[in-house]
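Next come the chains, spelled out residue by residue.
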Amino acid sequence: PYYRDLFREKGIRVDELVSPGDLGAIPFLTKKIIGENKERLFTGDPFRKGYASSTGGSTGDTLYFHCDNAAVSIRRANTARQLRNLGIEIGDRQLKLWGFSFDKSFGKRFANGTKNYFNNVRFISSFDMSDHAMRKYASMERSFKPQLIVAYPSALMYFAEFCGKESIDLYKPKAIVSSGEKLYPHQREVIEEIFSAPVYDRYGSREFADVACECPKREGLHIMNDLYYVEVIHESGRPAEEGEMGELVVTDLSNYYMPFIRYRTGDLAVPTSRVCSCGRSMPMLERIEGRAFDIIRTRDGKSVGGFFWTHISRAVPGIRSFQIEQNEIGKVVFRIVPGPDWKEENTKALEEMIRENCGESLAVDFQIVDRIPLTPSGKSKFIISNL
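Note on numbering: residues in each chain are counted from 1, in written sequence order. Selection of residues for local features in this predicted model requires a pLDDT of at least 70, selection of side-chain atom pairs for listing and counting requires 80 or more, and totals for whole chains, interfaces and linings are taken over all residues. Only heavy atoms go into the side-chain values, all of them from the structure, while hydrogens and water stay out.

This part takes up the side chain of glutamate 141. Where helices and strands are cited, they refer to DSSP runs of H or I of at least four residues and of E of at least two residues respectively, numbered from the N terminus. Inspection of the secondary structure puts glutamate 141 in helix H5 (residues 131-144). For the buried residue glutamate 141, which engages in no salt bridge, the nearest side chain bearing the opposite charge is arginine 142, 6.3 Å off. We define a polar contact as two N or O atoms separated by no more than 3.5 Å, with the added condition that, inside protein, one atom must be a possible hydrogen donor and the other a possible acceptor, whereas residues neighbouring each other in sequence contribute only through side-chain atom pairs. From its side chain, glutamate 141 meets the backbone nitrogen of tyrosine 171 in a polar contact 2.7 Å long. Only protein chains enter the area calculation, which uses a 1.4 Å probe; residues under 20% of their type maximum are buried, those over 50% are exposed, and those in between are partly exposed. Asp and Glu are treated as the negative residues and Lys and Arg as the positive ones, with His and the ends of the chain left uncounted. By definition here, a salt bridge exists when the distance from a side-chain nitrogen of Lys or Arg to a carboxyl oxygen of Asp or Glu is within 4 Å.

Below, the structure written as C-alpha cells:
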C-alpha cells in the first residue's frame, strides 16, 4: 500500500521502470518512513510470508522491519559464495567474535546454537574482553582450529594485541573476515601480523545481510549486484563520482514481503569504476568510510572522518583505546583509556596534530577513563556524532 500510494502521488508508472537508472524517480526510503508506515510496507500477497527482525545499528535507535522467508536461503547462498571465493567451503570450521542477539527467544537461540554446532560454527562474545576471557578464547581458538574467523575489527584487534603482548600462540586460519564495523588499515595490519592470515573486508547489515565483500585480490569490495542494486549518493543528492564519498543507498532485489527500495543506510562509501584483476565483473566500492554520523564537523565547515582520529591515536604512544564524541559543532570530547606508556603530556601532542588538520575551530576536551562502553550489539564505537 505504501508504494502504491507513493507511485500514484509521484506519477510513477511501473511499466516505465525498465532499467536500474529509472529507479531514481522513486524517493528514498528512510528509517523514519519505515517507522511511520510499518504494515503499509508489507505485501498483500497471502502466499508470501515474512519474519520480524530489528537492528539498532550504531545509533541505538531500534529499527523494526520484516524479511522475506523466501530470501533466507538466497542470503545464505550469497554468503557461501563469498566465502568460497576466499577458499572457505560449507562445513569448514568457523569462529565468530561477535555480539549476541538478545532480542531472540531462548528457544530460538538454543535452536541456532544447535544448528551452529553441527555446522562447525562457534561463537565467542565481544561483550566480554577481559584478560581472563581472552585467555579462554585463545585456548578455544587453538583447540578448535578454525579455517575462518569472522569478527568485529575493533574486538579482534584488541584480542590480537592482547595475545601478542602475552606471547600467546594462535592457530593460523585460512582467512579472516572483518564485518559489522569499518575496517581501518592499522587494524588489518595488527590482525594479520598476529594471526598470520589475510583479512578481508565485508559490508553488510541486519536489513540486507552481505552486500559487498573483498576477494583475494583485495582491490575493493565487490557488490553482489544480482541481489542488491547499490547507489552511492553525494550529500548534494546527485550520484557520487569516482573517488568521491557518498551515502550507500540499497535496493534489495529479494525481499518481496517488505520491499526496501532506495533505502538510505546511513553508511558512507567511495565508488570506483575499476574492474578487479580477479576477473569478476561485479561493480565495486573503493572502500567503506563508515557511518554518516562518524563525521566530526568544525565551525569553519570541515568534515573530519574516522581515519584521521585512528591515525593520530596510533601516532601517540600509550593509548589503549579511545572514543571521540561530538554534541555540538566545533567541540568534541576525546576519551582515552590509557596504557602503561601513557604520559599526561601526550595530550599536547594530540592537540598539535588536531590543530594542524582541523585548524583552531575545533575545541577538544580530553578525558581519561577506565573503559569505553560497547554499543548494545557489542561493537566498539570510535566516533559518535550526536549532531
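Here the narrative resumes.
Within this structure, the stated rule accounts for 20 salt bridges. The partner of aspartate 5 in a salt bridge is arginine 40, with the nearest N and O atoms 2.4 Å apart. Taken together, the residues span a long stretch of sequence, with aspartate 5 in helix H1 (residues 2-10) and arginine 40 in the loop between helix H2 (31-37) and strand S1 (50-55) at a distance of 35 residues. Using a relative accessible area of 32% as the deciding quantity, one classes arginine 40 as partly exposed. Among the ionic pairs, arginine 13 bridges to glutamate 16, the shortest N-O distance being 3.4 Å. In this structure glutamate 16 comes out as partly exposed when scored by relative accessible area, which is 49%. If you follow the salt bridges from partner to partner, you end up with Asp5, Arg8 and Arg40 in one network.

Let us look at the environment of glutamate 39. Along the chain, glutamate 39 falls in the loop between H2 and S1. On the accessibility criterion, glutamate 39 (54% relative accessible area) is exposed. Along the chain, glutamate 39 and tyrosine 2 lie 37 residues apart, while their C-alpha atoms are 8.8 Å from each other.

A pair of packed helices can be characterised by two numbers: the angle between their axes and the separation between those axes. Only the contacting stretch of a helix is used when fitting its axis, a line to C-alpha atoms as for every element, and angles between N-to-C directions run 0 to 180 degrees. At a minimum axis distance of 10 Å, the contact between H5 and helix H6 (residues 153-165) shows a crossing angle of 85°. Taken together, the axes of H5 and H6 are roughly perpendicular relative to one another. Note on element contacts: H6 touches H5 through Tyr158, Phe159, Phe162 and Cys163, opposite Asp131, Met134, Arg135, Tyr137 and Ala138. Polarity classes work like this: nonpolar for Ala, Val, Leu, Ile, Met, Phe, Trp, Tyr, Cys and Pro, charged for Asp, Glu, Lys and Arg, and polar for all others, with Gly in that last group. Its residues assigned to classes, the contact of H5 with H6 comprises seven nonpolar, no polar and two charged. Roughly parallel refers to an angle under 35 degrees, roughly antiparallel to one over 145, roughly perpendicular to one between 65 and 115, and oblique to any angle outside these ranges. Pairs of residues are marked as contacts when any of their non-hydrogen atoms sit within 4.5 Å.

Another aspect to go through is the sheet that holds strand S5 (residues 148-151). Note on pairing: two strands pair once DSSP finds at least 2 bridges between them. With mixed pairing, the eleven strands of this open sheet are ordered in space as S4-S3-S5-S6-S7-S8-S9-S13-S12-S11-S10. Each end of this open sheet is capped by a strand with a single partner; those strands are strand S4 (121-125) and strand S10 (228-233). Direction aside, neighbouring strands of the sheet carry axes that sit 35° apart on average. As paired strands, strand S11 (residues 246-252) and strand S12 (residues 263-272) are joined by four bridges and run antiparallel to one another. Each bridged residue has a counterpart across the sheet, and for glutamate 247 the counterpart in S12 is leucine 268. This element, H6, spans strand S3 (94-98), S5 and strand S6 (175-178) of the sheet and lies at about 120° to S5.

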